[in-house]
Amino acid sequence: MANFNPGYKSEFTDAEAAEAREARDAILRQLVAAMQAGVSADDARTVELVQQYRDGFIDKYLYKSTLIQFLGLSTVIATDPRNISAYEEYAAGFAKYLAAAFRAYYEAKSSAR
């Protein structure tokens, strides 16, 4: 068993964990590219990428997420040194951008209700 996701699912095989990491990284790389291209965190394209992250990684591999969790995740990403460090490995400034994108996602989806 891979130690990909302690605390949520224990049934990941090594292959499943690799697949989940690949799905996560593919979407995060798209978000990094958007950030580096100057696309704002609240742009509709960024919000759509966050939706893809939610559907294609969080909901598929971790847990069925709720909208309010994205507001909470935005805070955790922006304030927890472990998360900041992990996301900054993708690109400098990415933790702040991702946190803002998660807040924008929450706001966009909340107002659509």
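The structure reproduced in this document is the subject of the present report. What you are looking at is a predicted structure, and each value in this text was computed from that prediction instead of being measured. (Residues numbered from 1 in each chain as written. Predicted model: local features only at pLDDT ≥ 70, side-chain atom pairs only at ≥ 80, totals over all residues. Heavy atoms only, no water.)

**Here's the deal with the overall build of the protein chain**
A count of helical and extended segments in the protein chain gives five helices and zero strands. Along its sequence from the N terminus, the protein chain presents helices and strands in the succession α-α-α-α-α. Its C-alpha atoms give the protein chain a radius of gyration of 14 Å, within 12% of the compact-globule value 13 Å for 113 residues. For the C-alpha atoms alone, the extent of the protein chain along its principal axes is close to 40 × 35 × 25 Å. Split into buried and exposed, the 113 residues of the protein chain put 39% on the buried side. Taking contacts inside the protein chain between residues at least 6 apart in sequence as the whole, the part at least 24 apart equals 58%. When the accessible surface of the protein chain is split by element, carbon and sulfur atoms take 52% of a total near 6400 Å². On the protein chain, the mean spot of the 13 positive side-chain charges and the mean spot of the 15 negative ones are 4 Å from each other. (Helix = DSSP H or I, 4+ residues; strand = E, 2+ residues; numbered from the N terminus. Rg over C-alpha atoms; globule rule 2.2 N^0.38 Å. Buried < 20%, exposed > 50% of the residue type's maximum accessible area, 1.4 Å probe, protein only. Contact = heavy atoms within 4.5 Å. Areas by Shrake-Rupley, 256 points an atom, 1.4 Å probe, with all protein chains shown as cover. Lys, Arg positive; Asp, Glu negative; His and termini not counted. Charge placed at Lys NZ, Arg CZ, Asp CG, Glu CD.)

**Description of the pattern of salt bridges**
Scanning all chains against the criterion turns up five salt bridges. Here Arg45 makes a salt bridge to Asp43, at a shortest N to O gap of 2.9 Å. Residues joined in a network through salt bridges with shared partners are Arg54, Asp59 and Lys64. (Salt bridge = Lys/Arg side-chain N within 4 Å of Asp/Glu carboxyl O.)

**A look at a negative patch on the surface**
A cluster of acidic residues, Glu11, Glu16, Glu19 and Glu22, forms a negative patch at the surface. Of note, Glu16 is situated in helix H1 (residues 14–36). By relative accessible area, which is 34% here, Glu16 ends up partly exposed. (Patch = residues over 30% accessible without salt bridge, like charges linked within 9 Å, V, L, I, M, F, W, Y side chains within 5 Å.)

**Description of the packing of aromatic side chains**
Counted by the stated rule, this structure contains eight aromatic pairs. Relative to Tyr61, the ring of Phe57 has its centre 6.3 Å away and its plane inclined at 40°; by these criteria the two rings are tilted. Taken together, the residues span about one helical turn, with Phe57 and Tyr61 both in helix H2 (residues 44–62) at a distance of four residues. Comparing Phe57 with Tyr61, the two get one shared label, buried. Pairing Phe70 with Phe102 gives two aromatic rings, centres 5.0 Å apart and planes at 55°, and the pair type is tilted. Of this pair, Phe70 sits in helix H3 (residues 67–79) while Phe102 sits in helix H5 (residues 94–111), placing them 32 residues apart in sequence. Considered together, Phe70 and Phe102 belong to a single accessibility category, that of buried residues. (Phe/Tyr/Trp six-rings, centres within 6.5 Å; stacked < 30°, edge-to-face > 60°.)

**Re the side chain of Ser65**
Along the chain, Ser65 falls in the loop between H2 and H3. Within the local environment of Ser65, its side chain forms a polar contact with the side chain of Asp59, the two groups lying 2.6 Å apart. Beyond its immediate sequence surroundings of up to four residues, Ser65 is in contact with Arg54, Ile58, Asp59 and Phe70. (Polar contact = N/O pair within 3.5 Å; in protein donor to acceptor, adjacent residues only side chain to side chain.)

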